[in-house]
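# A structural walkthrough
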Protein chains: 4
Amino acid sequence: MKKVTVGIIGAGRIGQLHADNILRSGLFHLKSISDISIDHLKGTHLEQQVPVLTTQTDDILKDPEINAVFICSSTDTHVDFIKACAKAGKHIFCEKPISFHIEETKEALQVVQEAGVKFQVGFNRRFDKHFRKVFETVRAGKIGKPHILKITSRDPQAPDESYIQRSGGMFMDMTIHDFDMIRYLSGTEVAEVSVSAANLIDPKFKRNNDVDTAIITLTFEDGSLGVIDNSRQAVYGYDQRIEVFGDEGVVSAENERYTNVQISTKDSITVDHPKYFFLDRYKEAYVAEIAEFAKAILEEKPLSCSGEDGYKAELIALAAQLSWKEKRSVSLSELNAVAVK
Amino acid sequence: MKKVTVGIIGAGRIGQLHADNILRSGLFHLKSISDISIDHLKGTHLEQQVPVLTTQTDDILKDPEINAVFICSSTDTHVDFIKACAKAGKHIFCEKPISFHIEETKEALQVVQEAGVKFQVGFNRRFDKHFRKVFETVRAGKIGKPHILKITSRDPQAPDESYIQRSGGMFMDMTIHDFDMIRYLSGTEVAEVSVSAANLIDPKFKRNNDVDTAIITLTFEDGSLGVIDNSRQAVYGYDQRIEVFGDEGVVSAENERYTNVQISTKDSITVDHPKYFFLDRYKEAYVAEIAEFAKAILEEKPLSCSGEDGYKAELIALAAQLSWKEKRSVSLSELNAVAVK
Amino acid sequence: MKKVTVGIIGAGRIGQLHADNILRSGLFHLKSISDISIDHLKGTHLEQQVPVLTTQTDDILKDPEINAVFICSSTDTHVDFIKACAKAGKHIFCEKPISFHIEETKEALQVVQEAGVKFQVGFNRRFDKHFRKVFETVRAGKIGKPHILKITSRDPQAPDESYIQRSGGMFMDMTIHDFDMIRYLSGTEVAEVSVSAANLIDPKFKRNNDVDTAIITLTFEDGSLGVIDNSRQAVYGYDQRIEVFGDEGVVSAENERYTNVQISTKDSITVDHPKYFFLDRYKEAYVAEIAEFAKAILEEKPLSCSGEDGYKAELIALAAQLSWKEKRSVSLSELNAVAVK
Amino acid sequence: MKKVTVGIIGAGRIGQLHADNILRSGLFHLKSISDISIDHLKGTHLEQQVPVLTTQTDDILKDPEINAVFICSSTDTHVDFIKACAKAGKHIFCEKPISFHIEETKEALQVVQEAGVKFQVGFNRRFDKHFRKVFETVRAGKIGKPHILKITSRDPQAPDESYIQRSGGMFMDMTIHDFDMIRYLSGTEVAEVSVSAANLIDPKFKRNNDVDTAIITLTFEDGSLGVIDNSRQAVYGYDQRIEVFGDEGVVSAENERYTNVQISTKDSITVDHPKYFFLDRYKEAYVAEIAEFAKAILEEKPLSCSGEDGYKAELIALAAQLSWKEKRSVSLSELNAVAVK
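In this text the structure is predicted, and so the values were computed from the model without any measurement. (Residues numbered from 1 in each chain as written. Chains lettered and ligands numbered in written order. Predicted model: local features only at pLDDT ≥ 70, side-chain atom pairs only at ≥ 80, totals over all residues. Heavy atoms only, no water.)

### Brief notes about the relation of the copies chain B and chain C
Short version of the rule: When the copies are superposed, the least-squares fit takes in the C-alpha atoms of residues with a pLDDT of at least 70 in both. Contacts between residues were defined by any pair of non-hydrogen atoms, one from each residue, lying within 4.5 Å.
Once turned by 180 degrees and shifted 0.0 Å along the axis, chain B lies on chain C with an RMSD of 0.1 Å. The transformation relating the two chain copies, once decomposed into turn and shift, fits a two-fold axis. Identified as the residue of chain B closest to the rotation axis by C-alpha distance is R24 of chain B, at 3.3 Å. Looking at chain B, 100% of its interface residues are interface residues in chain C too, so the copies touch through the same face.

Here it is in structure tokens:
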């Protein structure tokens, strides 16, 4: 069985997650991991199982055995690594968002296209079995033509202030997943974005010019409507629900709970909490997304989550930021014009 | 046991519904029903049980035995009947909306206030046991301070074109219930309204300058956010769900299904549909709302749904109409100023 | 519209419940209520609405206007009243069980048959909308041929010792409903009964030679199996669930909760309790059963719950008592032989 | 990190499942797999990853590097392999049932005890997260003292006739899992077993002197009751539910569905099927059970599923067989006496 030989750039939480999934997948040979600081991997199972741990990205880029690279470093470094990987002829799996600057994202994807390498962006939720079934139900026409697409997406716990500062803002960091999901489900493009947002959770958001709570309304090119509600802190757990309402029905996905156990007493009837941590909630989706990446390379299959998808989600995030700041609806065509410049 | 002697103005569907509930309640003596055409009640149980069926409203207004009047006629007649009833010293239960013209509503309520009679508006959903429990959960502080209030409100079937023409438009006819519910749940006032609406179901809405699908975002005076999604046609049944998300939790009410039966076969696992017809879905709520009205009169208890509530829901509906037409956020203060003139 | 003129014998809790439903139904004229002690109805709405309140049963039996009688007195008086009513040509609605002595039940039903009057036994659960839908699903063949029929039936609170003493024992008092339901669902007759029972809740059951917890296994004549689990005390509420498993699927009815509200906090996700009180749980069923009785009389329609159904449920209860006492399986044919004597 | 070096005896479906889990666990070094016929593993990933594939069990038993053995061969070979492994000083993980002959099971466990090796039996369901939570809820006293323990356990599809012939019968092959689970949940021992069973699915069961449908009632030593309902064919999927009812509440685990997606149309409201295949339903449990086995060896932790548990489940299965054949309740003490001989 042929395998894809890969390197990982960036050995933080998400880099390590991908490393573990890569090792267990049977589809990859994980040859190298690079990070500006790599010492924290010493003495771990990764040191035992990965031949090369390095602080030099070139050890990956210049390694002829390596077919593909996972870019898991901080967002501000993505664009440079994408260009370098593309030029080195490596297929690319890049974490979201591609960058904080839409023109740079555009440029990077241009380089990718010219190099003719595969490019997948890490929108893991597209690979969640519940959401995938919603997608398939919509595509199969079972609920007819979509009229209203709804996403509830709430993090269990607000991030640290240092994270907020380098996050690119809630829309670019968190809602970007929802922007991608709603495009994915809709099958048509967003035309207009309108945001109502607030600071209700913690002053740390406001003092960093960010929001913590928002309702984002989207109008699609076919006239259908979308709405996303976000919160940075849902104390009862990670709240991830979607619903697509159409002229022949509605399909929805509920939260995934820890167990299906119900406890009934005189005082209360309780069921289990939604899974709290995103790595737990989307555990299987992270496994599935890299399998698709491997198959795209090994079997020349198409990717369901491309660079263009990454670009478009960023564009919507940008429109949302603008809508929030200028308190008005923002048309995507307006931004496309900007981005093209 | 003392009872309230009542007359009903308007013998259409909702008038007959109230008549039946009044007859069964044990709290009222139903003396008279008036309608410009009353023949359709001939030969029914109402003819047997109601002493006076008349085409003359004065038979009700001038009857000294009658303490209270249910106004169930078409909306354009409400204001005149309200004023007449108030001047005649009758307590008033008025169907929603009070009127299509906010200044007229204001005037009518002024007359009511001067007459010192009780006034309840027919926002039946406040009396639904599911929504009432959500309300009580929020008021008891169990989910902390509300951050996001969500209502899904979708009719099972689009109305006839003739109904659309005299409905006052979707926001005034249908969403007005949701505007009242969201104010009720929030406990604070709406500051701003922003609408994205569409014509996706049937051209009959567009040709009557109305919409059939909408997402309405609301900002409350305390900074919290609300969102309502509406459709005039949910083929799977009457979809009525609410959710209040706060800093200490979330409370939600699901649809009421016909039964709790599940059928599992090789081909499918099916559960029952949500109740389809609003008179069925809110059957108990219609009973509960008139019981509160009776008790307010007999025991001098406060009403949970006043003329002011009717007025404020109309004001929000007006803002929604304006937001939709002018494609911008509309502040309630802007409209209040207009209404005061 | 023609109505059935009725009298009620027995003005206890269940007699009053039927009285209220009869008054509200529009199908009956409630002329008389008799009880050996009737003073507790003085000053109530029943005194206002029922022409005759009497201590003399003959005031009902000899009243030529009265077409039908509801027998709601204590079980030990049923048989005499049934015979008297039948001989007086009155249709009969009799509460369960018909009697504690199977031969007497048989005799009473013989008199009913000879008199040619209608006879319905108060197995209210057959009229519950959830269970009715299960029944209809089974009859429509949607789950194929039934293989396993399951009933969970647990009371919320153990009865008083005085009630236990005159109850006829758990099988005759409580499980009799389940025996009827399982026959109703199965559509075939019980052939054999096997009981495992215990005293786990309160010594008052044991000292009255009764049980409080039981698992009853039934074999039907067609070879299919049934199982009922009973408890006299489910602290979380009245637990009433059924399931029919067949060769093409399974159909089940869950408990009816107070509301469909869910509350999620950091500490717990709670849903509402099942309805606690049987009069609340089966409120609509009590209304439906008397409507069927009225229609059987007025429109000569067949009854879905006959004297024979009452007899057969008693026979199974008897078999269960014997199985428990003699610690063995008991065949119904064995008892039929006894009963026939 | 220390690992357990293991060999697997038996390379059928369950042997291969354990092999994969062992390879992925990080807790084991999988050195050898033996089977009388091993050719089917040639060319698979197992050939690449497992150093020794052999037809000779001795290659495992005599390998001093191997600490522990997984016995995954056919049931009739278990006892010999257990004794051989124990004498060779290998820790043992043995699939269920230990054997079809209770005296041989007893003997084998005696040898294990004398050898002082660890022994775990493959009751995978104890490691299911849903059932584990039920267990923990009961142990924590949250539902008080258990009164009724219920298990619904239905296979999706009847096995082939050849499987039926060597299965040991439904009670020993299938219900044995439920016997173990009910003991596990109860925390007390079964005193008496009473079976009602039937042939309703396919004549192939009857002609092999086996049943396909059963209700098994158990009385525990503390007087509490248990009931298991089994079917060899639930066309809607693998039906695995448990419920423990006690004097302070009830705890239950529902089926695990493929997804949490609901689809509502005019015609139906559907949810997803329960997982169909046992390897899919208990996927995580199979991973968890071998992790516990590894930790018991590496960290000298106690096992939650011992040889005694395997023995006792067999004893109950034996009692069930006897109860079915002799149509009577069977006391475990009666069988213990036999087994001791």
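### Some details on unusual backbone geometry
Generally, phi is negative for residues other than glycine and the peptide bonds are trans, each holding for most cases. This is how it is decided: For helices the rule is a DSSP run of H or I covering at least 4 residues; for strands it is a run of E covering at least 2, with both sets numbered from the N terminus onward.
Here the bond from K96 of chain B into P97 of chain B is cis, since omega is -15 degrees, no more than 30 degrees from zero. Tracing the chain through its elements places P97 of chain B in the loop between β5 (91-94) and α5 (102-115). Phi is positive for K327 of chain A, close to 50 degrees, though the residue is something other than glycine. If you trace the backbone, K327 of chain A turns up in the loop between α12 (307-326) and β15 (330-331). Within the chain, N209 of chain B stands out as a residue other than glycine whose phi angle is a positive 60 degrees.

### Considerations on the interface of chain B and chain C
Test applied: Two parts lose some accessible area (1.4 Å probe) when they are put together, and adding that loss for both gives the buried area. Throughout this description, the term salt bridge denotes a Lys or Arg side-chain nitrogen within 4 Å of a carboxyl oxygen of Asp or Glu. Here a polar contact is recorded for every N or O atom pair within 3.5 Å, except that within protein the pair must consist of a potential hydrogen donor and a potential acceptor, and residues adjacent in sequence are included only if both atoms are side-chain atoms.
Of the residues lining the interface, 28 residues belong to chain B; the matching set on chain C comes to 28 residues. Interface area for chain B against chain C, summed over the two sides, is near 2100 Å², with a carbon-plus-sulfur share of 51%. The largest per-residue losses of area from chain B upon contact with chain C belong to N260, V261 and I263 of chain B, which jointly make up 25% of the total buried on that side. Here K133 of chain C makes a salt bridge to D272 of chain B, at a shortest N to O gap of 3.1 Å. Summed over the shared surface of chain B and chain C, the number is 14 residue pairs in polar contact (both at pLDDT 80 or more).

### Quick look at the packing of aromatic side chains
Defined as follows: Here the aromatic set is Phe, Tyr and Trp, taking the six-membered ring for Trp, and pairing holds for ring centres within 6.5 Å; pairs whose planes are under 30 degrees apart are stacked, those over 60 apart are edge-to-face, and all others are tilted. For every residue, the accessible area (1.4 Å probe, protein chains only) is compared with the maximum for its type, and the residue is labelled buried under 20%, exposed over 50%, or partly exposed between those bounds. The rule is short: NZ of Lys or CZ of Arg within 6 Å of the ring centre and within 35 degrees of the ring normal puts a charge over the ring.
Enumeration according to the criterion identifies 40 aromatic pairs over all chains in this entry. Residues F70 of chain A and F93 of chain A carry aromatic rings whose centres are separated by 4.8 Å and whose planes lie at 25 degrees to one another, so their mutual orientation is stacked. One end of the pair, F70 of chain A, is in strand β4 (residues 68-71); the other, F93 of chain A, is in strand β5 (residues 91-94), with 23 residues separating them in the sequence. With respect to burial, F70 of chain A and F93 of chain A carry one shared label: buried. Through pairs of rings, three or more aromatic residues link up here, namely F28, F70, F93 and F293 of chain A. Residue placement shows R154 of chain B over the ring face of F245 of chain A; its charged tip is 4.3 Å from the ring centre.

### Thoughts on the UniProt feature "domain: GFO/IDH/MocA-like oxidoreductase" (unreviewed entry) in chain A
Filter applied, for reference: UniProt positions are given in the numbering used here, feature names are shortened, and annotations may be inferred rather than shown by experiment.
Those residues carrying the UniProt feature "domain: GFO/IDH/MocA-like oxidoreductase" (unreviewed entry) are residues 131-251 of chain A in this numbering. The span residues 131-251 of chain A carries 29% helix and 36% strand; its end-to-end C-alpha distance comes to 10 Å.

### Considering the sheet that holds strand β1 (residues 4-9) of chain A
Residue and element names in this part refer to chain A. What counts, and what does not: The criterion for strand pairing is that DSSP finds at least two bridges linking the strands in question. Angles run from 0 to 180 degrees between N-to-C directions of axes, and those axes are lines fitted to C-alpha atoms, restricted for helices to the stretch in contact.
Pairing in this open sheet of six strands is parallel, and the strands run β3-β2-β1-β4-β5-β6 from one edge to the other. Since the sheet does not close on itself, it has two edges, and those belong to β3 (52-54) and β6 (119-121), each with one partner. This sheet shows a mean twist of 20 degrees between the axes of neighbouring strands, independent of strand direction. As paired elements, β1 and β4 share four bridges and run parallel to each other. Paired with G7 across the two strands is V69, which belongs to β4. With respect to the sheet, helix α11 (residues 283-298) is in contact with β1, β2 (28-34), β4, β5 and β6, its orientation differing from that of β5 by roughly 165 degrees.

### With respect to the relation of the copies chain B and chain A
The transform that puts chain B on chain A rotates by 180 degrees and translates by 0.0 Å along the axis, for an RMSD of 0.0 Å. Here 100% of the interface residues in chain B have copies in chain A that are interface residues too; the copies meet face to matching face.

### Some thoughts on the interface of chain B and chain A
For the record, the criterion: Any residue outside Ala, Val, Leu, Ile, Met, Phe, Trp, Tyr, Cys, Pro, Asp, Glu, Lys and Arg is labelled polar, Gly included; the first ten of those are nonpolar and the last four are charged.
The partner chain A presents 36 residues to the 36 residues of chain B that form the contact. Of the roughly 2700 Å² buried between chain B and chain A on both sides combined, carbon and sulfur atoms contribute 65%. Sorting the residues of chain B by area buried against chain A places L200, I215 and F245 of chain B first, and these three jointly supply 20% of that buried surface. Among the salt bridges present, the one from E243 of chain B reaches R154 of chain A, with a minimum N-O distance of 2.8 Å. Applying the counting rule to chain B against chain A returns nine residue pairs in polar contact (both at pLDDT 80 or more). Secondary-structure elements contributing two or more residues to the side of chain B that touches chain A are β7 (146-154), β8 (190-198), β9 (213-220), β10 (225-231), β11 (239-246) and β12 (249-253) of chain B. Its residues assigned to classes, the side of chain B that touches chain A shows 14 nonpolar, 14 polar and eight charged.

### Describing the environment of V227 of chain B
Here V227 of chain B shows up in strand β10. Taking the C-alpha atoms as reference points, V227 of chain B and N208 of chain B, separated by 19 residues in sequence, lie 25 Å from one another. Here V227 of chain B is in contact with I215 and V227 of chain A together with L149, K150, I151, I182, I215, I216 and T217 of chain B, once residues within four sequence places are set aside.

### Notes on a nonpolar patch on the surface
Defined as follows: Patch membership needs two things, relative accessible area over 30% and no salt bridge, and members are linked within 9 Å if like-charged or within 5 Å if nonpolar (Val, Leu, Ile, Met, Phe, Trp, Tyr). Surface accessibility in these figures is a Shrake-Rupley result with a 1.4 Å probe; residues are shielded only by whichever protein chains are displayed.
A cluster of nonpolar residues, Y258, Y276 and F277 of chain B, forms a patch on the protein surface that exposes about 250 Å² of accessible area. When you line up the elements, Y258 of chain B lands in the loop between β12 and β13 (261-265).

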